[in-house]
Amino acid sequence: MKTLIGVVMGSSSDWDTMQQAVQILHHFGIPHEAKVVSAHRMPDDMFAYAEAAEGRGLKAIIAGAGGAAHLPGMLAAKTVVPVLGVPVQSKALSGVDSLHSIVQMPKGIPVATFAIGAAGAANAALFAVAMLANQDTSLRDKLNAYRAEQTAHARAMTLPPAL
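Residues numbered from 1 in each chain as written. Predicted model: local features only at pLDDT ≥ 70, side-chain atom pairs only at ≥ 80, totals over all residues. Heavy atoms only, no water.

**Thoughts on the overall build of the protein chain**
Working step 1: Looking only at helices and strands, the protein chain features six helices and five strands.
Working step 2: Along the chain direction, N to C, the helices and strands of the protein chain fall in the order β-α-β-α-β-α-β-α-β-α-α.
Working step 3: Per-residue burial over the protein chain gives 42% buried out of 163 residues.
Working step 4: If you take every contact in the protein chain between residues at least 6 apart in sequence, the share linking residues at least 24 apart comes to 66%. (Helix = DSSP H or I, 4+ residues; strand = E, 2+ residues; numbered from the N terminus. Buried < 20%, exposed > 50% of the residue type's maximum accessible area, 1.4 Å probe, protein only. Contact = heavy atoms within 4.5 Å.)

Encoded structure:
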């Protein structure tokens, strides 16, 4: 089956965060790939990945980046495939530096930006699923069921008595 979503990260240390996106894509049966494509350590590979994305049939790229966080913007500069940026929590500034780097793209280089860390990676994958669900009613039904399950789970939670 043709890969629809690329999940890329700047280094293997980003995997703890980015595996959240992969788990969501797997849950929905979305064909995907996950790889390290560093903007700093392997820029030629990163440019080749971005330039080939549309021709390979990718519908979105979920790009996680920590620290300087150049990966999402650099990919977006080289492809028309939507790039969903996930700031990975960094040691120095807890991911705020990554968030600012991703969200402050110049006009003409759009990157959808999500929350710092695991929640952002999961939400980026759910956003990609929602994009695909616009053209696939069975996927839309799965997404609606997933959301209903989340709601039911939240309603079923009990809190300890107040002190």
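Back to the text.
**With respect to the nonpolar core**
Working step 1: If you look at the biggest cluster of nonpolar residues, it comprises 27 residues, and the most contacted ones within it are Ile5, Phe28 and Ile62.
Working step 2: Of all the elements, helix 5 (residues 118-133) adds the most residues to this core, at nine residues.
Working step 3: With residues up to four places along the chain from it excluded, the contact list for Ile62 reads Ile5, Gly6, Val7, Val8, Met18, Ala21, Leu25, Leu84, Val86, Ala124, Ala125 and Ala128.
Working step 4: In this structure, Ala39, Ala63, Ala65 and Leu71 belong to the second largest nonpolar core, which totals 20 residues. (Core = buried A, V, L, I, M, F, W, Y, C linked by side-chain atoms within 4.5 Å.)

**Let's talk about the side chain of Asp14**
Working step 1: For Asp14, the position within the fold is in the loop between strand 1 (5-9) and helix 1 (15-27).
Working step 2: Buried charge without a partner: Asp14 forms no salt bridge, and the closest opposite charge is Arg41, 7.5 Å away.
Working step 3: In this structure the side chain of Asp14 is engaged in a polar contact, spanning 3.2 Å, whose partner is the backbone nitrogen of Gly10.
Working step 4: Among residues more than four places away in sequence, those in contact with Asp14 are Met9, Gly64, Ala65, Gly66 and Val88. (Lys, Arg positive; Asp, Glu negative; His and termini not counted. Salt bridge = Lys/Arg side-chain N within 4 Å of Asp/Glu carboxyl O. Polar contact = N/O pair within 3.5 Å; in protein donor to acceptor, adjacent residues only side chain to side chain.)

**Details of helix 4 (residues 96-103)**
Working step 1: Along helix 4, the positions that sit buried rather than exposed are Asp97, Ser98 and Ile102. One side of helix 4 carries all its buried residues, which in axial view fall inside an arc of 125°.
Working step 2: For helix 4, the elements touching its buried residues are strand 3 (60-65), helix 3 (71-78), strand 4 (83-87) and strand 5 (112-113). (Arc of directions from axis to C-beta.)

**Comments concerning the environment of Gly95**
Working step 1: Residue placement: Gly95 occurs in the loop between strand 4 and helix 4.
Working step 2: A relative accessible area of 0% means that Gly95 is categorised as buried.
Working step 3: Residues Gly95 and Pro82 lie 13 residues apart in sequence; the distance between their C-alpha atoms is 22 Å.
Working step 4: With residues near it in sequence (within four places) discarded, Gly95 still touches Pro87, Val88, Gln89, Ser90 and Ile116.

**Let's talk about the pairing of strand 2 (residues 32-36)**
Working step 1: Relative to strand 2, strand 1 is paired through five bridges, and the arrangement is parallel. Looking at strand 2, one finds that Ile5 is bridged to His32.
Working step 2: What joins strand 1 to strand 2 is helix 1, and the crossover it makes is right-handed. (Pairing = 2+ DSSP bridges. Right-handed = clockwise from strand over helix to strand, strands pointing away.)

**Some thoughts on the sheet that holds strand 4**
Within a sheet, neighbouring strands are paired by backbone hydrogen bonds and run either parallel or antiparallel to one another.
Working step 1: Strands sit in the order 2-1-3-4-5 across an open sheet of five strands; the sheet is parallel. One side of each edge strand has no neighbouring strand; the edge strands of this open sheet are strand 2 and strand 5.
Working step 2: The pairing of strand 3 with strand 4 spans five bridges and is parallel. Of the residues in strand 4, the one forming a bridge with Ala65 is Pro87.
Working step 3: On top of the sheet, helix 4 reaches strand 3, strand 4 and strand 5; it is set at about 160° to strand 4, its chief contact.
Working step 4: In the packing of helix 5 onto the sheet, the strands contacted are strand 1, strand 3 and strand 4, and the crossing angle to strand 4 comes to about 165°. (Axes fitted to C-alpha atoms, helices over the stretch in contact; angles between N-to-C directions.)

None of this, on its own, says anything about what the molecule does.
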